[in-house]
Amino acid sequence: MMLQLPIWRYPAVVIFSLGLHGILLLIIFSEYRRNPPPSQIEWFDLREMTLSPTEIPEKSQSASAISAVPKKQEMVPQEEGKTEFQTKTKELPTVIIPPAKTQNPEGKIETMVEVGKTEANALPNKEEQITLENVRTFLPVMIPEQELTERVLEPGSSPSQLEEITIPEITSKPVFSLDDVLQDTRSFRSQTDWDENSEEQKVSSSLGDLLTGIRMIRLSAKENKEQQNMRLDSLESEAYLQDLNHFFTQHWEVPLHLAESELTVVVRIRIDKEGRIQKSKIETSSGNAELDHSVSRLLKNLQSLPSLPYSYLGHIYEFGIKFTPRDLQF
Amino acid sequence: MHRLIILILFFSWVSYPVSLDAGPIDYFDITRPKFKPLPVVIRMNPANHLQGLYVQSVFQSNLEQTLFFRVYEENSLPESLIKGNEPPAFTMNLQILEQNPLKFRFELFGREQETALASGELKEDEKTDLRKLGLQMANTFIKNSLGFRGIAQSRIAYTSQKKNGRKNIMLSSYDGTHQQRFSYNLGSNNYASWAFDNQNLLYTTFTRSKVQVAIQPSKRLRASILSFPEGTQPQGGTWSPRGDSILITLMTKGNSDIYNYHLKTRKLDRIIAWKSLETSPSWSKDASSIVFVSDSVRFQQPQIYIHDTKTKKTRRITFRGKYNSSPRWSPDGTQIIYEGKRKGYFQIFKYTLSTNRHLQLTFGRFNSEKPDWSPNGKQIVFSSNRDGLSKLFLTSVHGGRMIRLTTNPKSVIETNPVWSK
């Protein structure tokens with residue numbers, strides 16, 4: 001049996017239902033206001049952490065890249081303030097690998113630390129780290145602490161001077177495999193950074209950075225930059241077209257009989273970043289003497305155009321303008 | 001895999017700017033220039049010749065009325081022209097050859113040109129007074145400088161009404177200096193229309209008892225009256241391009257429809273007979289289409305339609321605004337001007353058939369109504385109450401400055417202007 005209600009009650013039911021929904025939404029909204037979801041995830045970069053000598057073994061336990069290393073063999077005991085490793089930890093792309101030690105045929109281990117340089121500089125660059133042979137070369141054979149003695153170069157000594165450490169013959173096995181290192185290298189973000197001391201402009205090669213901040217990095221040499229003409233990107237181009245339109249509406253004058261015509265004069269202009277005209281010429285004539293004259297008169301009287309967008313990196317900009325008197329302004 | 005993507009992106013970055021350096025440049029389209037009239041310098045020899053000065057003043061006022069030019073006498077040049085920064089677009093040289101009757105030679109030069117664009121001799125005679133010489137010179141100038149027809153000798157018919165007086169059809173010269181009363185009957189006369197050959201004018205006469213349509217030769221003061229069947233009331237009409245018929249709006253039992261009235265056979269052909277009100281018909285120049293107004297979609301909200309007389313198809317062309325009316329074909333048949341109500345005021349609009357683009361030509365908090373084209377399609381005449389009562393104004397077909405046409409007293413109302421063809 002269907003429920004029969006007086007007709008005035010239907011809107012009342014709808015209004016009552018809407019009211020309940022509204023209250024529900026208010027409750028949800030107030031909860032949301034009270035406990036807003038985190039809008040930004042806080043990321044920590046290991047490069048920014050300065051580890052004190054006492055913290056290093058503990059911290060390093062949490063790093064995935066060194067998880068395979070036994071605790072007692074992680075660090076070479078060193079005096080505070082004496083080693084480059086301790087003072088340059090911040091610069092390191094990773095803290096997992098102690099100063100590189102290789103075993104020479106005579107049973108000596110050479111540490112490749114130079115005075116005045118960070119260990120990061122001393123370490124091979126990114127490509128070398130993930131190359132099979134190099135990694136194999138630099139992977140240390142773990143040395144018992146008590147048997148290792150190390151002498152650190154003092155400032156002022158020769159950069160090319162190498163530490164020579166006498167050690168007994170090593171019989172222990174490698175603690176982690178090459179695959180582990182490679183895998184950790186891929187997953188470890190800071191490992192993929194470029195060397196900051198490179199002469200080229202720094203380019204982040206992290207995939208996340210590429211996708212979120214896609215931007216053209218110009219790698220041309222400095223001396224060529226002033227000679228090169230670059231193009232505006234779409235946003236810059238749109239903004240600059242607005243500026244040009246506003247500018248020429250004030251300055252470009254044409255007689256009435258050319259209004260709504262499709263005649264076009266094409267002009268090529270070279271300006272510097274401040275908009276000063278360096279060179280201009282009529283590239284294509286319209287075939288109408290009056291329109292050509294109006295444009296040539298305009299170019300003759302002009303000394304500058306609107307300055308280029310701030311984001312434009314070049315020093316000059318060469319571009320074309322098509323003058324078509326389609327919409328006359330009075 | 002990530003390294004591969006990184007490498008691809010890296011090399012694309014490196015190669016992108018390098019490849020553009022040798023490639024094309026950016027091009028920007030600038031399409032909104034500022035209007036500037038062409039400077040014209042007129043030189044007369046001798047400079048203070050009285051009759052020559054009169055001809056020169058007629059020439060100057062008619063030339064500037066077009067809005068295309070600004071005329072300077074040689075001894076009153078602006079600084080920009082004197083310094084030579086901007087040479088005049090055209091130079092007109094007048095050499096007085098004879099006096100009483102006046103005879104002079106004119107030469108028209110373009111900018112920095114040594115050979116004349118046009119030259120000739122004009123002479124005053126019984127049929128051609130000094131004013132006509134000036135008008136002829138203005139038309140010749142426009143034809144040879146810009147390449148289209150001069151309209152200095154065209155006329156504008158309009159409805160004039162003095163305070164508490166009857167409406168009459170008046171004729172005005174292009175520069176507004178000469179006004180002439182055209183209708184002399186005892187009724188109230190309105191809705192004039194020029195024949196395409198400019199020989200006749202058609203207008204509607206309202207008397208206390210009936211409404212009639214009068215056809216009057218433009219050079220005579222006697223009109224012939226057209227009679228229509230009883231029960232029908234004519235409400236204005238327009239000429240067909242061939243001049244053998246008129247499109248007329250007839251009101252029957254409260255419903256107005258559009259008919260074609262053949263002048264020789266005196267037959268009425270029904271063109272548009274909808275249940276709604278249809279008014280303001282106008283032929284295109286090639287007689288293939290009729291533009292008219294109908295409130296068929298919504299009562300008392302008229303819109304503009306085009307009816308193809310060959311295919312018998314009708315299409316609506318205005319969709320914005322609740323009130324669009326008074327359409328008129330351009331002389332070349334490519335555009336239509338009309339009035340539309342926007343934000344409480346009537347404004348003039350131009351519709352281009354090829355692009356379906358509507359362009360507003362007038363702005364402001366006053367009414368601009370009843371537009372009509374100039375014979376060369378370069379200007380528009382319309383009535384506006386900008387200064388209080390309705391007066392006639394000219395503007396270009398691109399909009400812009402409004403020029404007052406007539407110099408009648410403030411108390412005279414001027415409406416419904418129609419330009420000769």
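Residues numbered from 1 in each chain as written. Chains lettered and ligands numbered in written order. Predicted model: local features only at pLDDT ≥ 70, side-chain atom pairs only at ≥ 80, totals over all residues.

Section: the overall build of chain B
Tallying secondary structure elements over chain B gives 4 helices and 31 strands in all. By residue count, 41% of the 421 residues in chain B fall in the buried class. Relative to all contacts within chain B whose residues are 6 or more apart in sequence, the contacts with residues 24 or more apart total 39%. (Helix = DSSP H or I, 4+ residues; strand = E, 2+ residues; numbered from the N terminus. Buried ≥ 20, exposed ≤ 12 C-beta atoms within 10 Å, placed from the backbone. Contact = placed C-beta atoms within 7 Å.)

Some details on the overall build of chain A
The helix and strand tally for chain A stands at 11 helices and 7 strands. Across the 330 residues of chain A, 17% fall into the buried class. In chain A, 68% of the contacts between residues at least 6 apart in sequence involve partners at least 24 apart.

Some words on the pairing of strand β29 (residues 391-396) of chain B
Residue and element names in this part refer to chain B. Within β29, 6 of the 6 residues are buried, leaving the element largely enclosed by the surrounding structure. Along β29, one buried face is formed by Lys 391, Phe 393 and Thr 395 and the opposite face, lined by Leu 392, Leu 394 and Ser 396, is buried too. As judged from the 6 bridges shared by strand β28 (residues 379-384) and β29, these two strands associate in the antiparallel manner. Along β29, the bridge assignment pairs Ile 380 with Thr 395. Counting the residues between successive antiparallel strands, the hairpin from β28 to β29 contains 6 residues, one of them, Gly 388, with a positive phi of roughly 115°. (Pairing = 2+ DSSP bridges.)

Digging into unusual backbone geometry
When glycine is set aside, most residues are seen to have a negative phi, and most peptide bonds are trans. Residues and elements named next belong to chain B. Here Asn 45 and Pro 46 are connected by a cis peptide whose omega angle stands at 0°. For Pro 46, the position within the fold is in the loop between β3 (38-45) and α2 (50-65). The omega torsion of the bond from Asn 100 to Pro 101 falls at -5°, within 30 degrees of zero and hence cis. Mapped onto the fold, Pro 101 is located in the loop between β5 (90-98) and β6 (103-110). Here the phi dihedral of Asn 198 falls at roughly 65°; this positive angle occurs in a residue that is not glycine. As for its placement among the helices and strands, Asn 198 is situated in the loop between β11 (188-194) and β12 (200-206). In this model, Ala 287 sits at a positive phi of 60°, which is unusual for a non-glycine residue. Its location among the elements puts Ala 287 in the loop between β19 (278-283) and β20 (289-294).

Examining the nonpolar core
Residue and element names in this part refer to chain B. Judged by nonpolar contacts, the single largest core of 56 residues is most densely connected at Val 40, Met 92, Met 137 and Ala 138. Tallying contributions element by element places helix α4 (residues 130-145) first for this core, with 6 residues. Once you skip the residues sitting within four places of it in the chain, Met 137 turns out to touch Val 55, Phe 59, Phe 106 and Leu 122. Counting 51 residues, the second largest nonpolar core, distinct from the first, contains Ala 192, Leu 202, Phe 292 and Tyr 305. (Core = buried A, V, L, I, M, F, W, Y, C linked by C-beta atoms within 7 Å.)

Section: the pairing of β11(B)
Residues and elements named next belong to chain B. Counting buried positions along β11 gives 6 out of 7 residues, so the element sits mostly inside the fold. Taken together, the 5 bridges between β11 and β12 define a ladder with antiparallel strand orientation. When the bridges of β12 are listed, Asn 189 appears paired with Thr 205. Hairpin connection, β11 to β12: the antiparallel pair is bridged by 5 residues, and Asn 198 has positive phi, about 65°.

Examining the environment of B:Tyr27
With respect to the secondary-structure elements, B:Tyr27 resides in strand β1 (residues 26-30). Discounting residues that sit within four places of it in the chain, B:Tyr27 has contacts with A:Phe319, A:Gly320 and A:Lys322.

Overview of the environment of B:Lys132
Relative to the helices and strands, B:Lys132 is located in helix α4. In this structure the C-alpha to C-alpha distance between B:Lys132 and B:Gln153, which are 21 residues apart in sequence, comes to 8.1 Å.

Digging into the sheet that holds strand β6 (residues 277-284) of chain A
Taken in spatial order, the 4 strands line up as β6(A)-β5(A)-β7(A)-β1(B) in an open sheet, and their pairing is mixed. Looking along the sheet, the strands with just one partner apiece sit at the ends: β6 of chain A together with β1 of chain B. Adjacent strand axes in the sheet meet at a mean angle of 25°, parallel and antiparallel pairs treated alike. Where strand β5 (residues 265-272) of chain A and strand β7 (residues 316-323) of chain A come together, 8 bridges link them in antiparallel fashion. (Axes fitted to C-alpha atoms, helices over the stretch in contact; angles between N-to-C directions.)

Digging into α2(B)
Its 16 residues place the ends of α2(B) 23 Å apart at the C-alpha level, agreeing with the 22 Å of an ideal helix rising 1.5 Å per residue. Positive backbone phi, approximately 75°, marks B:Leu67, located one or two places after α2(B). (Expected span 1.5 Å × (residues − 1).)

A few points about the sheet that holds strand β15 (residues 232-239) of chain B
Residue and element names in this part refer to chain B. Across the sheet, which stays open at both edges, the 4 strands sit in the order β15-β16-β17-β18 with antiparallel pairing between neighbours. A strand with exactly one partner marks an edge of an open sheet, and here the two such strands are β15 and β18 (268-272). Strand after strand, the sheet turns through a mean of 35° between neighbouring axes, direction not considered. Relative to β18, strand β17 (residues 255-262) runs antiparallel, the two being bridged by 4 bridges. Residue Tyr 261 lies in a different strand from β18, and its bridge partner there is Leu 268.

Things to note about α4(B)
With 16 residues, α4(B) should reach 22 Å at 1.5 Å per residue; the first-to-last C-alpha distance of 22 Å fits that figure. Looking at the residues trailing α4(B), positive phi occurs at B:Gly147, about 90°.

Structural notes on the confidence of the model for chain A
Detailed reading of the predicted coordinates is not advisable wherever pLDDT is low. Residues and elements named next belong to chain A. When pLDDT is averaged across chain A, the result is 62; 41% of the residues are at 70 or more. Looking across chain A, the model is least confident in helix α3 (residues 84-87), with a mean pLDDT of 38, and most confident in β5, with 91. Confidence over residues 38-42 falls short of pLDDT 50; this stretch has 0 contacts with residues more than four positions distant or in other chains. In the model, residues 191-204 has pLDDT below 50 throughout and makes 19 contacts with residues more than four positions away in sequence or in other chains. (pLDDT = per-residue confidence, 0-100.)

Comments concerning the confidence of the model for chain B
Residues and elements named next belong to chain B. Averaged over every residue, the pLDDT of chain B is 88; the share at 70 or more is 93%. Segment residues 14-22: pLDDT under 50, and 10 contacts once partners within four positions in sequence are set aside and those in other chains are kept. Here the predicted complex scores 0.65 on pTM and 0.73 on ipTM.

A look at the packing of α2(B) against α4(B)
Residues and elements named next belong to chain B. Axis separation between α2 and α4 bottoms out at 8 Å; the angle between their running directions is 45°. By the angle between their directions, the pair α2 and α4 is classed as oblique. Crossing handedness for the pair α2 and α4: right-handed. Note on element contacts: α4 touches α2 through Leu 130, Arg 131, Leu 133, Gly 134, Leu 135, Met 137, Ala 138 and Phe 141, opposite Gln 51, Tyr 54, Val 55, Val 58, Phe 59, Asn 62 and Leu 63. Class assignment for the residues of the contact of α2 with α4 results in 11 nonpolar, 3 polar and 1 charged. (Parallel < 35°, antiparallel > 145°, perpendicular 65-115°, else oblique. Left-handed = near helix turned anticlockwise from the far one by under 90°. Nonpolar A, V, L, I, M, F, W, Y, C, P; charged D, E, K, R; others polar.)

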